[in-house]
Amino acid sequence: MRSERFHDALGRQLLFTLLILLIEVPLGVGIALTMPRQGIGVTICLVLMALPLLIPWNVVGAMWNIFALPDIGLLGKMLNGVGFDYNFTQNPFWAWATVVAMDVWHWTSLVVLLCYAGLRSIPDAYYQTSKIDGATSWQVFRYIQLPKMKRVLTIALLLRLMDSFMIYTEPFVLNGGGPGNSTTFLSIDLVKVALGQFDLGPAAAMSIIYFFVVLLLCWVLYTLMMRDETN
Amino acid sequence: MSLEFHELSKQVYDEVHIAHTDLSLNPGVFNVLLGPTLSGKTSLMRLMAGLDQPSTGSVWFKGQNVTGIAVQRRNLAMVYQQFINFPNMSVFENIASPLRIQKLSESQLRPRVEKGAELLKLTPYMHRKPNELSGGQQQRTALARALVKGADLVLLDEPLVNLDYKLREELREELPRLFADTGATVVYATTEPHEALLMGGYTATMREGRVTQYGPTHEVFRKPHDLATAKAFSDPPLNILNLKRTAQGFEGEQGLSLKLPPFQNVPVDEYILGFRPHHLQIQGNAKDILELSGEVTVTEITGSESFIHLKWAEHDWVAHTQGVMHLPPGEKLELYVSASNCLLFDDQEQLVPAQV
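The rules behind each value
Residues numbered from 1 in each chain as written. Chains lettered and ligands numbered in written order. Predicted model: local features only at pLDDT ≥ 70, side-chain atom pairs only at ≥ 80, totals over all residues. Heavy atoms only, no water. Axes fitted to C-alpha atoms, helices over the stretch in contact; angles between N-to-C directions. Helix = DSSP H or I, 4+ residues; strand = E, 2+ residues; numbered from the N terminus. Parallel < 35°, antiparallel > 145°, perpendicular 65-115°, else oblique. Left-handed = near helix turned anticlockwise from the far one by under 90°. Contact = heavy atoms within 4.5 Å. Buried < 20%, exposed > 50% of the residue type's maximum accessible area, 1.4 Å probe, protein only. Polar contact = N/O pair within 3.5 Å; in protein donor to acceptor, adjacent residues only side chain to side chain. Phe/Tyr/Trp six-rings, centres within 6.5 Å; stacked < 30°, edge-to-face > 60°. Buried area = accessible area lost by both parts, 1.4 Å probe. Salt bridge = Lys/Arg side-chain N within 4 Å of Asp/Glu carboxyl O. Core = buried A, V, L, I, M, F, W, Y, C linked by side-chain atoms within 4.5 Å. Pairing = 2+ DSSP bridges. 1 Å grid on protein atoms, 1.4 Å probe; cavity = no way out; pocket = protein on both sides within 12 Å on 5 of 7 lines; lining within 4 Å. Points joined across faces, edges and corners; volume = space filled by probe spheres on them. Nonpolar A, V, L, I, M, F, W, Y, C, P; charged D, E, K, R; others polar.

Trainee: So what about the packing of helix H2 (residues 91-101) of chain B against helix H4 (residues 135-148) of chain B? Which residues, and what values?
Mentor: All names here are of chain B. One can describe the packing of H2 onto H4 by two numbers: an axis separation of 8 Å at closest approach and a directional angle of 30°. Classified by the interaxial angle, the pair formed by H2 and H4 is roughly parallel. Here H2 runs over H4; the crossing is right-handed. Contacts between H2 and H4 involve Val91, Asn94, Ile95, Ser97, Pro98 and Leu99 from the former and Thr141, Ala144, Arg145 and Val148 from the latter.

Now the structure itself:
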């Protein structure tokens, strides 16, 4: 338990989770708010939003791997073209940026869809009332939409939190947890220990801790968000 | 000084929601908008509020044309059938919210909010959130918000529908009094004729997107101008009979022959006779009585009264009688209606005045 390697992996994992939650949740809410509420646009948006969710993890990894290749990938070539020294296989910062971007691309839709469902369930009378009272759109968001979305938002957050701890395939496919150990998250480390080195004892211990970390985080988050609903 | 519509209509695609309507509501009184579901009450209210723009015509308030003016810039309040409150604000903050938007200071708004809460019996719950309140209290909060706002026009769109019977009765009594002191023009939409009668004030009846009649509630009830108004203002539904005026008297289906003394002088033509369920009796004792017969289909008993559903020719009738009546379906009944309680409509469905 004093293993520095484990601590590093855990730290990376927590940082990654924090980052993607900070990006995906506000972005998802924002997109859900701007989505149309009626007409053909609804169907188009929903299909577009659902597309990334339908793609298997390893395909996402492979796609982004090619997409981001510095010499031939569209993204890599472009970024280098505008003057960045982009190379996800050598530079840990860019490796991180790519993994985060990949996850945001893949999973923000989930947040969007959940929030959109939450928004749709708000009766029109709420919007009319606020219109009659002369509320600003910020007030409408803060006092009507956000509180009404709270439950689905909690679910979205918990799902993304747990899923982000499961992240394995994408960074593995992208560059195997590298460069060095820079994108070796808990799950990748666990597999390396258990199957690469065949140290089953420490790996079992790790996975137990891994489980408790996820459980603890979920519990804390859930309690915080549901606090004023119960008292 | 009132709310007026000139040639107002609203059409969404091919569907007519409001057909050419001219109406002038009296200021500072309690107006009831009465009509069955889908008769256009909510559509008309949305036009009154400015939430929708009319397809043609204009809306005037206090002598000003307000047709194109944004909702935010009109001073009005609206309460809905659903309980609409801000979920994460306390009752106090909910009631205070329109005043906060008007940028009133704490010392200005506090007494107003407290007074409103007191009138609606919410003082003990000021610190609770809406989801910790009962349905009735939630709706009281919404009503208090409308009351406190000090709006010139208050629109109440079936606000009591989702409450249980007891609460509905209680609030129904209080509502006209609550708003009476504010000087606001109140419009209250409902589907229930007896609610309109209990609320008093003025009533506008609606049917198929038209205002059929507007006037003091009891007058509209007693003297409907046309069949549509009589239908809208009758629950259970108005009983109807088709008649033909002949030289001898009136003739109807199934060889029915009637004498209608109040209508002896009407020209030969086709007519519709209407009478309210509580005027259809199963015992006759007066002089100018019409004798009919019908077949019982169902009897509804509500403790002290009975609603006897009957079939006569192609028509379904209801007799509303006092006392508990156990009548088996299929039983033939003798029925009596006093001619003076009958409403006669011509073939344009307009009321034919009775000769006294």
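Still to come is the rest of the account.
Trainee: How would you summarise the side chain of B:Thr217 if you had to cite specific residues and measurements?
Mentor: Residues and elements named next belong to chain B. Along the polypeptide, Thr217 turns up in helix H7 (residues 217-222). For Thr217, a relative accessible area of 1% puts it in the buried group. Engagement of the side chain of Thr217 in a polar contact is seen with the side chain of Thr203, the distance being 2.8 Å. Among residues more than four places away in sequence, those in contact with Thr217 are Ala196, Leu197, Gly200, Gly201, Tyr202, Thr203 and Phe233.

Trainee: Requested: an account of the packing of aromatic side chains, with residues and values cited.
Mentor: Residues and elements named next belong to chain A. Inspection of the entire model under this criterion finds 18 aromatic pairs over all chains. When the ring of Phe16 is compared with that of Phe185, the centres are 4.7 Å apart and the planes differ by 40°; the resulting orientation is tilted. Within this pair, whereas Phe16 is found in helix H1 (residues 4-34), its partner Phe185 is found in the loop between helix H8 (169-175) and helix H9 (186-196), the two being separated by 169 residues in sequence. Relative accessible area serves as the criterion here: at 0%, Phe16 is assigned to the buried category. Judged by relative accessible area, which is 0%, Phe185 ranks as buried. When the ring of Trp138 is compared with that of Phe141, the centres are 5.8 Å apart and the planes differ by 45°; the resulting orientation is tilted. With a gap of 3 residues between them, Trp138 and Phe141 both fall in helix H7 (residues 137-165), about one helical turn apart. With relative accessibility at 56%, the residue Trp138 sits in the exposed group.

Trainee: Account for the interface of chain B and chain A, naming residues and giving values.
Mentor: At the junction of the two partners, chain B supplies 23 residues and chain A supplies 19 residues. Across the chain B/chain A interface, buried area totals approximately 1900 Å², and carbon plus sulfur atoms make up 60% of it. Linking chain B with chain A are 1 salt bridge. Here B:Lys149 ties to A:Asp133 by a salt bridge, and the two come within 3.4 Å at their closest N and O atoms. Looking at the side of chain B that touches chain A, the elements with two or more residues in it are strand S6 (76-79) and H2 of chain B.

Trainee: An account of the nonpolar core is needed here, citing residue identities and associated values.
Mentor: The nonpolar side chains of a soluble globular protein tend to be buried, and buried together. In terms of nonpolar packing, the biggest core is built from 71 residues, with B:Leu33 and B:Met48 touching the most fellow members. In terms of residue count, the dominant contributor to this core is H7(A) (10 residues). Ignoring anything within four residues of it in the chain, the contact list for B:Leu33 reads B:Lys41, B:Leu44, B:Met45, B:Met48, B:Val187, B:Tyr188, B:Ala189, B:Thr190, B:Ala204 and B:Met206. If you look at the next biggest cluster of nonpolar residues, it comprises 41 residues, including B:Val32, B:Leu109, B:Leu143 and B:Ala196.

Trainee: Go over the sheet that holds strand S9 (residues 202-207) of chain B with me, naming the residues and quoting the values.
Mentor: All names here are of chain B. Read across the open sheet, the 6 strands follow the order S6-S7-S8-S3-S9-S10; overall the sheet is mixed. Because the sheet does not close on itself, it has two edges, and the strands there are S6 and strand S10 (210-216). The average undirected angle you get between the axes of adjacent strands in this sheet is 15°. Relative to strand S8 (residues 185-190), strand S7 (residues 153-157) runs parallel, the two sharing 5 bridges. From the neighbouring strand, Leu155 faces S8, where its bridge partner is Val187.

Trainee: So, the layout of surface pockets: which residues are in play, and what are the values?
Mentor: Here the second largest pocket is characterised by a volume of approximately 520 Å³. Lining the second largest pocket are 24 residues, and of these B:Leu38, B:Gly40, B:Lys41, B:Thr42 and B:Ser43 lie nearest its centre. Looking at the lining of the second largest pocket, the elements with two or more residues in it are helix H6 (124-133) of chain A together with strand S2 (15-25) and helix H1 (41-49) of chain B. It is H1(B) that provides the largest number of residues to the lining of the second largest pocket, a total of 4 residues. When grouped by side-chain class, the residues that make up the lining of the second largest pocket number 6 nonpolar, 11 polar and 7 charged.

Trainee: Lay out the environment of B:Val298 with the relevant residues and their values.
Mentor: Residues and elements named next belong to chain B. The residue Val298 is located in strand S15 (residues 289-301) in this model. For Val298, a relative accessible area of 44% translates into the label partly exposed. Along the primary structure Val298 and Lys62 are separated by 236 residues, whereas in three dimensions their C-alpha atoms are 51 Å apart. Ignoring anything within four residues of it in the chain, the contact list for Val298 reads Phe307, Ile308 and His309.

Keep in mind that these numbers describe shape and distance, not what the molecule does.
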